[in-house]
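What follows is each chain in one-letter form.
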Amino acid sequence: MLLLKQTPKPDDEYRRLQHFLANLYVSTPRQMVESLRQEGYVGQDNAVKATCLFAFRHISRLKKLYLHRIDPRLLPKKNNILFVGPTGCGKTYLVELLFQKVIKLPHVIVDMTGYSETGYVGQDVNSVLTRLLYAADMDPSLAAIGIVCLDEFDKLASSHNRAVFAGAGTTKDVSGLGVQRELLKLLESSDVPVPVELSHSDYAPRTVISTENISFIACGAFSGLKGHIGRLKGEYIGFGRTPLEKGIDAIAVDYSDEEVEPVRNFQQFGFLPELIGRFDRIIPFHALGENELTQILKEKVSKRWAYEFGLHDIQFEIDEEVVRHIIKKSITRETGARGVEATCIRYIEDAAFEAYSSPGTKKIRLKMKNDEVEYELS
Ligand SMILES: Nc1ncnc2c1ncn2[C@@H]1O[C@H](COP(=O)(O)OP(=O)(O)OP(=O)(O)O)[C@@H](O)[C@H]1O
Ligand SMILES: [Mg+2]
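All figures in this text were calculated on a predicted structure; none of them were measured in a lab.

**Side note on the overall build of the protein**
Here comes step 1: Counting its secondary structure elements, the protein contains 16 helices and 11 strands.
Here comes step 2: Taken across its 378 residues, the protein has 49% of its residues classed as buried.
Here comes step 3: If you take every contact in the protein between residues at least 6 apart in sequence, the share linking residues at least 24 apart comes to 72%.

**Structural notes on unusual backbone geometry**
Here comes step 1: Despite not being glycine, Asp137 shows a phi value in the positive range, around 50 degrees.
Here comes step 2: Here Asp137 shows up in the loop between helix 6 (127–135) and helix 7 (140–143).

**Concerning the pairing of strand 6 (residues 206–210)**
Here comes step 1: Counted residue by residue, strand 6 has 5 buried out of 5 residues, so it is predominantly covered.
Here comes step 2: Burial along strand 6 is two-sided: Arg206, Val208 and Ser210 facing one way and Thr207 and Ile209 facing the other are all buried.
Here comes step 3: In this structure, strand 5 (residues 191–195) lies alongside strand 6, joined through 5 bridges in antiparallel fashion. The partner of Asp191 across the bridge, within strand 6, is Ser210.

**Points about the site of ligand 1**
Here comes step 1: Val42, Thr87, Lys91, Thr92 and Lys300 are the nearest of the 19 residues found near ligand 1.
Here comes step 2: One of the backbone N or O atoms of Gly88 is found 2.8 Å from an oxygen atom in ligand 1.
Here comes step 3: Contact between ligand 1 and Lys300: an oxygen atom at 2.7 Å from a side-chain N or O atom of the residue.
Here comes step 4: Protein chains bury 89% of the 630 Å² of accessible surface belonging to ligand 1 in isolation.

**Digging into the packing of aromatic side chains**
Here comes step 1: Under the defined criterion, the tally for this structure stands at 12 aromatic pairs.
Here comes step 2: A ring pair is formed by Phe222 and Phe269, whose centres lie 5.3 Å apart and whose planes are at 55 degrees; its orientation type is tilted. One end of the pair, Phe222, is in the loop between strand 7 (215–220) and helix 10 (225–233); the other, Phe269, is in helix 12 (residues 263–269), and 47 residues separate them in sequence.
Here comes step 3: When its relative accessible area of 0% is taken as the criterion, Phe222 is described as buried.
Here comes step 4: For Phe269, a relative accessible area of 1% translates into the label buried.
Here comes step 5: Within the aromatic cluster, the residues linked to one another by ring pairs are Phe153, Phe222, Phe266, Phe269, Phe271 and Phe279.

**Observations concerning the side chain of Ser210**
Here comes step 1: Assignment of secondary structure puts Ser210 in strand 6.
Here comes step 2: Within the structure, Ser210 has its side chain in polar contact with the backbone nitrogen of Glu212 (distance 3.1 Å).

**Some words on the sheet that holds strand 10 (residues 363–369)**
Here comes step 1: Read from one edge to the other, the open sheet built from 3 strands follows the order 9-10-11, with strand pairing classed as mixed. The open sheet has two edge strands, strand 9 (315–318) and strand 11 (372–377), and neither has a second partner. Shown here is a sheet whose adjacent strand axes are inclined to one another by a mean of 20 degrees, direction ignored.
Here comes step 2: Summarising the sheet, strand 9 and strand 10 pair through 4 bridges and their orientation is parallel. Note that in strand 10 the partner of Glu317 across the bridge is Arg365.
Here comes step 3: Strands strand 9 and strand 10 of the sheet are contacted by helix 14 (residues 290–310), whose axis makes an angle of about 155 degrees with strand 9.
Here comes step 4: Contacting strand 9, strand 10 and strand 11, helix 15 (residues 320–333) crosses the sheet at an angle of about 65 degrees to strand 10.

**Some thoughts on the state of the cysteines**
Here comes step 1: Counted under the stated rule, the structure contains 0 disulfides.
Here comes step 2: As a non-bridged cysteine, Cys219 has Cys149 as the owner of its nearest cysteine sulfur, 3.7 Å distant.
Here comes step 3: For Cys219, a relative accessible area of 1% corresponds to the buried category.

**Some points on the packing of helix 15 against helix 16 (residues 336–357)**
A pair of packed helices is characterised by two quantities: the angle between their axes and the separation of those axes.
Here comes step 1: Close contact between helix 15 and helix 16 brings their axes to 8 Å; oriented N to C, the two are set at 125 degrees. With respect to each other, helix 15 and helix 16 are oriented oblique. Once helix 15 is placed against helix 16, the crossing between them reads as right-handed. Where helix 15 abuts helix 16, its residues His325, Ile326, Ile327, Lys329, Ser330 and Arg333 lie against Gly339, Val340, Ala342, Thr343, Cys344, Arg346 and Tyr347.

**A few points about the sheet that holds strand 8 (residues 281–284)**
Here comes step 1: Across the sheet, which stays open at both edges, the 5 strands sit in the order 3-4-7-2-8 with parallel pairing between neighbours. The outermost strands of the open sheet, each flanked by one partner alone, are strand 3 (107–111) and strand 8. Taking each pair of neighbouring strands and ignoring which way they run, the sheet shows an average axis angle of 20 degrees.
Here comes step 2: When strand 3 meets strand 4 (residues 147–151), the two strands line up parallel, connected through 5 bridges. When the bridges of strand 4 are listed, His107 appears paired with Ile147.
Here comes step 3: In this fold helix 3 (residues 45–66) packs onto strand 2 (81–84), strand 4, strand 7 and strand 8, with an angle of close to 145 degrees to the strand it touches most, strand 8.

**Describing the packing of helix 1 (residues 11–22) against helix 3**
Here comes step 1: One can describe the packing of helix 1 onto helix 3 by two numbers: an axis separation of 10 Å at closest approach and a directional angle of 135 degrees. Taken together, the axes of helix 1 and helix 3 lie oblique to each other. The two elements helix 1 and helix 3 cross, and the hand of that crossing is left-handed. Touching Tyr14, Leu17, Gln18, Leu21 and Ala22 of helix 1 are Leu62, Lys63, Leu65 and Tyr66, all from helix 3.
Here comes step 2: Of the residues in the contact of helix 1 with helix 3, the class split is 7 nonpolar, 1 polar and 1 charged.

Calculation notes
Starting afresh in each chain, residues are numbered from 1 along the sequence in its written order. As a convention, the first chain written is A and the first ligand written is 1, with the rest following in written order. The predicted nature of this model means local features are confined to residues of pLDDT at least 70 and side-chain atom pairs, given and counted, to a pLDDT of 80 or more, with totals for whole chains, interfaces and linings taken over all residues. Side-chain measures here rest on the full set of heavy atoms in the structure, leaving out hydrogens and waters. Here a strand is any run of E in DSSP of at least two residues, a helix any run of H or I of at least four, and the numbering for each starts at the N terminus. Think of it in three bands: residues with accessible area under 20% of the maximum for their type are buried, residues over 50% are exposed, and the middle band is partly exposed, with areas taken using a 1.4 Å probe on protein chains only. Two residues qualify as a contact provided that any one of their heavy atoms is within 4.5 Å of a heavy atom in the partner residue. Here, strands pair whenever DSSP counts at least two bridges between them. Near, as used in this document, describes a residue that has one of its heavy atoms within 4 Å of the molecule or strand being considered. In protein, a polar contact means a hydrogen-donor-capable atom and an acceptor-capable atom, both N or O and within 3.5 Å, with residues adjacent in sequence counting only if both atoms are side-chain atoms; elsewhere, any N or O pair within 3.5 Å suffices. Note on areas: these come from Shrake-Rupley sampling with a 1.4 Å probe, and a residue is covered only by the protein chains present in the view. Any two of the Phe, Tyr and Trp rings considered here, Trp counted by its six-membered ring, make a pair once their centres fall within 6.5 Å; the pair's planes then place it as stacked at under 30 degrees, edge-to-face at over 60, or tilted in between. Fitted lines through C-alpha atoms give the axes, limited to the stretch in contact for helices. The angle between two N-to-C directions lies from 0 to 180 degrees. We call a pair of cysteine sulfur atoms a disulfide when they lie within 2.5 Å. Throughout this description, any angle smaller than 35 degrees is read as roughly parallel, any larger than 145 degrees as roughly antiparallel, any in the 65 to 115 degree range as roughly perpendicular, and the remainder as oblique. In this scheme the crossing of two helices becomes right-handed for a clockwise turn of the near helix relative to the far one and left-handed for an anticlockwise turn of less than a right angle. Each residue receives one of three labels: charged for Asp, Glu, Lys and Arg, nonpolar for Ala, Val, Leu, Ile, Met, Phe, Trp, Tyr, Cys and Pro, and polar for the others, Gly being one of them.

Structure (structure tokens):
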């Protein structure tokens, strides 16, 4: 194996890092929250605050380390956080917006589903850092201060425990645990041999990257966790339904800080307690409510369609009644903001088809008639 060792840091690398950090504008946590709101992020007040504080502390720690040259032993250690919440409530979107629009740090969002499928005999978990290296324009010292988002983290739950938990009986393998063990090393501060190219070869050249200053954000819906917590407590909690039928759990569930705190809840779900223990903070996300979904529909989904139709000189209008109807439908889908988009497409598709096929159309209006959504072209 070809190992390109990069420590101790050569002077020019150190200077590049200092230059990058000196030019990295860091706003206050509150300003970050405001920027996210301006970008259209709705709700999740506590999660947004906690995440902006996490980002602020990550950057100020780096500045203290590299610009003020404070002894790392005097500084707090890097933080890892875990997002838990129902599908479509804005977990991945928060990471995307924060690190693409608000803070320009090397970052990568890696879908862990692929790693759980291939298990420990397949994809090398360290290649998560290869992706970060790409995001840092192949500069290992920049990659070493970045953010890694382990998306769909819950899919790494060991199938054994999941199956037992879901009441599915026996099971074949425990592949998830291999990946979890590999991740333990990444999440703590260690020197990791990272392949410099994304290939399946063990002989790909490697460079050593320390994860001492890389922060990890894991995201997962952990569907079924809620029912499990309920069962552990000897009670059933659902989205307005009690008890839950045949072990099926509601999708759009809310978690409290107290519910996500105990590591044993995740252990029962199929996670190594020591892996969950590597996360300094577990942040619950809530199912988006009626008001939040309405805001997303009006300020994002509908505006995006209006923009698209506008490019064809067509005006687009949705009656208030239709908005309420769409929100009601979306809530029953229990897929959060994704449900809003999906429901909208269903109603807009026909109108768009007709409008684009009828040159001269100037306006599309969605309205209610006999409890159904209808479109009107003019
Ligand atoms: N809080 C929110 N504010 C504004 N838009 C949102 C919000 N939550 C979700 N959306 C919209 O819904 C889409 C899907 O959300 P996102 O990818 O963040 O879901 P998720 O919580 O990661 O769900 P999953 O667990 O299924 O991955 C986003 O791309 C965004 O357009
Ligand atoms: Mg997601």
